[in-house]
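What the coordinates show
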Amino acid sequence: MTALTDDPIPVTRPVKETAERQDAARRGGVARRADIAAGLRASAVFLLLAALLAGFTIAEPAFANVGNLMSILQGVSVVAILGAGVTLTLAVGGFDLSIGAVAASSVMAASYAMIVLQLDVFATVPLVLAFGAAVGLVNALLIVRLKVPDLLATLAMMFLLSGLQLLPTAGRSISAGLVLPDGAKAMGVYDGRFLLIGRYSLSGVVPVSVVLMAVVAVSLSVLTERTRIGRLLFATGGNEVAARLAGAPTLRLKTLAYVLSGMLAALGGIIIAARVGRGDVSSGGSLLMDAVAAALIGFAVLNLRRPNVLGTIVGAVFVGVLLNGLTMLNAPYYTQDFVKGAVLVGALALTYGLGRRTR
Amino acid sequence: MTLPAHRPGAALSFSAIVKHFDGAQALAGASLTVPRGTVHGLVGQNGAGKSTLIKLLAGLHQADDGQIEIDGVEHRTLTPHLVETLGIHFIHQDRLLVPTFTVGEALFLGREPRIAGTPFLDRRLMQRRAADILDDYFGIRIPNSALIRDLSTAERQIVQITRALLDQPKVLVFDEPTAALVRREADILFRLIRRLRDEGVTILYVSHYLNEIEALCDAVTVLRNGRDVATLPLAQTSASEIAGLMIARDIGEMFPKRDVVPGHDILKVHGLQLSGKYHDVSFSLRRGEVLGLTGLLGSGAKDVLRTLFGLDQADGGTIEIDGQPARRLDPVRAAQRELALVPEDRRRNGVALDMTVGENLTLSSLKQFTRFGFLETARERGEADRLIARLEIKTAGRDALVRTLSGGNQQKVAIAKWLSRHSQIYLLDEPTVGVDIGSKVEIYRLIGDLAERGAGVIVLSSDLTELVGITDRILVLFRGRVIRAFASAETTPEAVLAASTGSSEVLRHVG
Ligand SMILES: Nc1ncnc2c1ncn2[C@@H]1O[C@H](COP(=O)(O)OP(=O)(O)OP(=O)(O)O)[C@@H](O)[C@H]1O
Ligand SMILES: [Mg+2]
């Protein structure tokens, strides 16, 4: 060993500040580029949507007429409304698998209320919404009080409801003139005013269900993004202990999320019932999956990388536009699920893979 | 041609390391050489890049530029596995153990001993080796079957260190090990480190406690804004010199003076007891007063704080808040009665990692930014920016996710969010752990402001110099009882330490 390397402590002295300052300038440049990239990602879904609209219009001019665009919105309204409910439960760190079943049983409940119980629209709608809220409350009770994991609790509820809706009619679909299990004939009919919810268009242009979707979108966006309750919902999902220590009533917030989710699913069911005018035992097949997909695609919209109501609605519309356009271009119906899946994978890759670096 | 352990040479050598995270530069050409068989300190402000440097060595991140040499050999890509086979072990600042594992599972994860000739785990051997090390080095017993999530932060830290020792490491890297340790455990750790050094182990040691660096290290490297500004031998360097290099500005008086005349009692605790934790705890807290609470691990001090905030229910005794008896407190009700708790394990209980800095900062005081249930975003943002500036939280901005902040800056977010809330009684559990020296002073100032505003503050801290510096009175708990009360102005950290280890000659109860 030479004397030079014998000193075990290489000593350096303080360096000058200028290097740091130059560095700060360089960092500024990097940051600006990152800003632009982030902005692009935030609007990526909108840009894609615009591109799709333009592309389909060029390929098939009939695509762009108001009637078709409204029918797209009408088609996605139920999924969007259910997706908003999924968004709420995701926000509190939960998950509601029962929404599809709630919507399906709500179709049955609405039909039963009018055809068997002979209620009118003003009794039926509150009754069905209350049914949805009650299911949400039971979900919340299982999850919040009994501490059943959310996926298990709502999965169990899904099974329960799929069975429950068959009981009153012994498994038969409900339409006017239904023969009840005891042999009597049901005397009621669908209230004409109820059917308007699914079939009427304001000034002949905007369907009622689209209006309902817009109302849900706006009011829940405001609730989640602009109010204290909304912030606390996300805080509960983000770190429940921290939220509780901050004085947030986390159990009540979770309950609220599940109750709203149940009511929104029931509203979806009402729209379906009013559209088809009968209670089919097997309605609402792919609703759960579609709603969850919309909520997850919503993570990518605005590059928020968290559940958000606006994103969910845009996600649902995006899928609707894509499917409608492809159908007009004669893509076979069996490609639909593949297309939905591809959009979802793309959206998730966009958010988590590429977006990760910015925030 | 391996070198014998005593021969000088670098065990670790980083040169001109650069690392970016998106827009933010964590390291901007940092160099560091750690001679074999020495204890080398690494210091710097929160966000200076200490943990990033260590994570690069651990193979958790890849450097954008620069070289890392281990035992004189350059490694282009490091993986956690490779690093472990090279005999380098880490006690990370923020790497959590799997909470649902037992101590035994966590200790032997990935290298479980088998019963010879069979694929079955040798539980007996695992049990014995773990118990031996815990007993030999730490003098404590943690049952192998205990769940990680039921351990205190200090115990978890000990489990991490034990895990490294099981492997007879060549290099040990500590990222703020004492932040979670109480004095007595810290002393054990220091003895352990000296012993390991004498056995030829190289130690890289990150800490915000400059007195530890002074006492323990052979040399120290100061990082500032991602580059090394100096490497100094400790024989010729003082703690204040190091602080000067870290901060590059005058931090003023370490313990700012307060000018408050305490008012009437705002909190009265009488005969409080929780079986197995503490007994017969009585004290009162006045408006404008800062009361210190301290004690070793398991002394019950923390449990008293938890009870006051309603996280645990006492078996007996009374709590009076502002003259009103408080029964069946829970966190929501405690918050309504204007209590605030800054919890100790802030990564777990203090911040939501995937929410933004701004959202976290205002979470506790959200009511102040709400009108008719709606958030007043402009005012909320203003408050967030004010807190970021005041506590010098190093972040890309209020919209960055808390996850992207350095450990100390996450701590600052958790603390700041409580201190901005208008409460009557503040319960602060280790308020300055992991925070750099400049921000510590700022937190002391904030605590002083609270007292001047008429709030009562209880500070639980194992940094006794800090406790004596910022409180009016100190209560010491030992084995679940209040054994001494001190007037802070008339005592010393040494006296408080003696009392808290029970070695004080006066083992009598003080109301
Ligand atoms: N995963 C990440 N994503 C984005 N930025 C990061 C990430 N990890 C670290 N940073 C940034 O790099 C910088 C250095 O962080 P680092 O954790 O190394 O600091 P530190 O010196 O260990 O500070 P502390 O004393 O607070 O622990 C910080 O500004 C931090 O915000
Ligand atoms: Mg760190």
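These remarks concern the structure in this document. (Residues numbered from 1 in each chain as written. Chains lettered and ligands numbered in written order. Predicted model: local features only at pLDDT ≥ 70, side-chain atom pairs only at ≥ 80, totals over all residues. Heavy atoms only, no water.)

Some details on a nonpolar patch on the surface
Residues and elements named next belong to chain A.
- Side chains of Ile36, Leu40 and Leu47 sit close together on the surface and give an oily, nonpolar patch of about 310 Å² of accessible area.
- Within the secondary structure layout, Ile36 lies in helix H2 (residues 18–59).
- Judged by its relative accessible area of 56%, Ile36 falls in the exposed class. (Patch = residues over 30% accessible without salt bridge, like charges linked within 9 Å, V, L, I, M, F, W, Y side chains within 5 Å. Areas by Shrake-Rupley, 256 points an atom, 1.4 Å probe, with all protein chains shown as cover. Salt bridge = Lys/Arg side-chain N within 4 Å of Asp/Glu carboxyl O. Helix = DSSP H or I, 4+ residues; strand = E, 2+ residues; numbered from the N terminus. Buried < 20%, exposed > 50% of the residue type's maximum accessible area, 1.4 Å probe, protein only.)

Overview of helix H7 (residues 192–199) of chain A
All names here are of chain A.
- Those residues of H7 that sit buried are Phe194, Leu195, Ile197 and Gly198. The arc that holds the buried residues of H7, viewed along the axis, is 140°, so those residues lie on one side.
- The inward-facing, buried residues of H7 contact helix H3 (66–91), helix H4 (99–116), helix H5 (121–145), helix H8 (208–226) and helix H11 (250–276).
- Two or three places before Arg193, at the opening of H7, Asp191 has a side-chain oxygen 2.9 Å from that residue's backbone nitrogen. (Arc of directions from axis to C-beta. Contact = heavy atoms within 4.5 Å. Polar contact = N/O pair within 3.5 Å; in protein donor to acceptor, adjacent residues only side chain to side chain.)

Topic: the sheet that holds strand E3 (residues 39–44) of chain B
Residue and element names in this part refer to chain B.
- Here we have six strands laid out as an open sheet, ordered E6-E7-E8-E3-E9-E10, and mixed in their pairing. Of all strands in the sheet, those bounded by a partner on one side alone are strand E6 (88–91) and strand E10 (227–233). Strand-to-strand twist across the sheet, computed as the mean angle between neighbouring axes with direction ignored, equals 15°.
- Pairing of strand E9 (residues 219–224) with E10, which is carried by six bridges, proceeds in the antiparallel orientation. (Pairing = 2+ DSSP bridges. Axes fitted to C-alpha atoms, helices over the stretch in contact; angles between N-to-C directions.)

Concerning the nonpolar core
- Counting 171 residues, the largest nonpolar core has Phe194 of chain A together with Leu267, Phe283, Leu308, Leu361, Leu427 and Ile458 of chain B as its most contacted members.
- In terms of residue count, the dominant contributor to this core is H3 of chain A (12 residues).
- Here Leu267 of chain B is in contact with Phe283, Ser284, Leu285, Leu308, Ile319, Glu320, Ile321, Ile425 and Ile458 of chain B, once residues within four sequence places are set aside.
- Counting residues in each nonpolar core, the second largest holds 53 residues, with Tyr137, Leu166, Tyr205 and Ile213 of chain B among its members. (Core = buried A, V, L, I, M, F, W, Y, C linked by side-chain atoms within 4.5 Å.)

Describing the pattern of salt bridges
- Counted under the stated rule, the structure contains 30 salt bridges over all chains.
- Here Arg193 of chain A ties to Asp191 of chain A by a salt bridge, and the two come within 3.1 Å at their closest N and O atoms.
- A relative accessible area of 44% means that Arg193 of chain A is categorised as partly exposed.
- Between Arg445 of chain B and Glu442 of chain B there is a salt bridge, and its shortest N-O distance comes to 3.1 Å. Taken as a pair, Arg445 of chain B and Glu442 of chain B lie in helix H15 (residues 437–452) at a separation of three residues, close to a single helical turn.
- For Arg445 of chain B, a relative accessible area of 32% gives the class partly exposed.
- Residue Glu442 of chain B is classed as buried on the basis of its relative accessible area of 16%.
- Because the salt bridges share partners, they merge into one network encompassing Arg390, Glu442, Arg445 and Asp449 of chain B.

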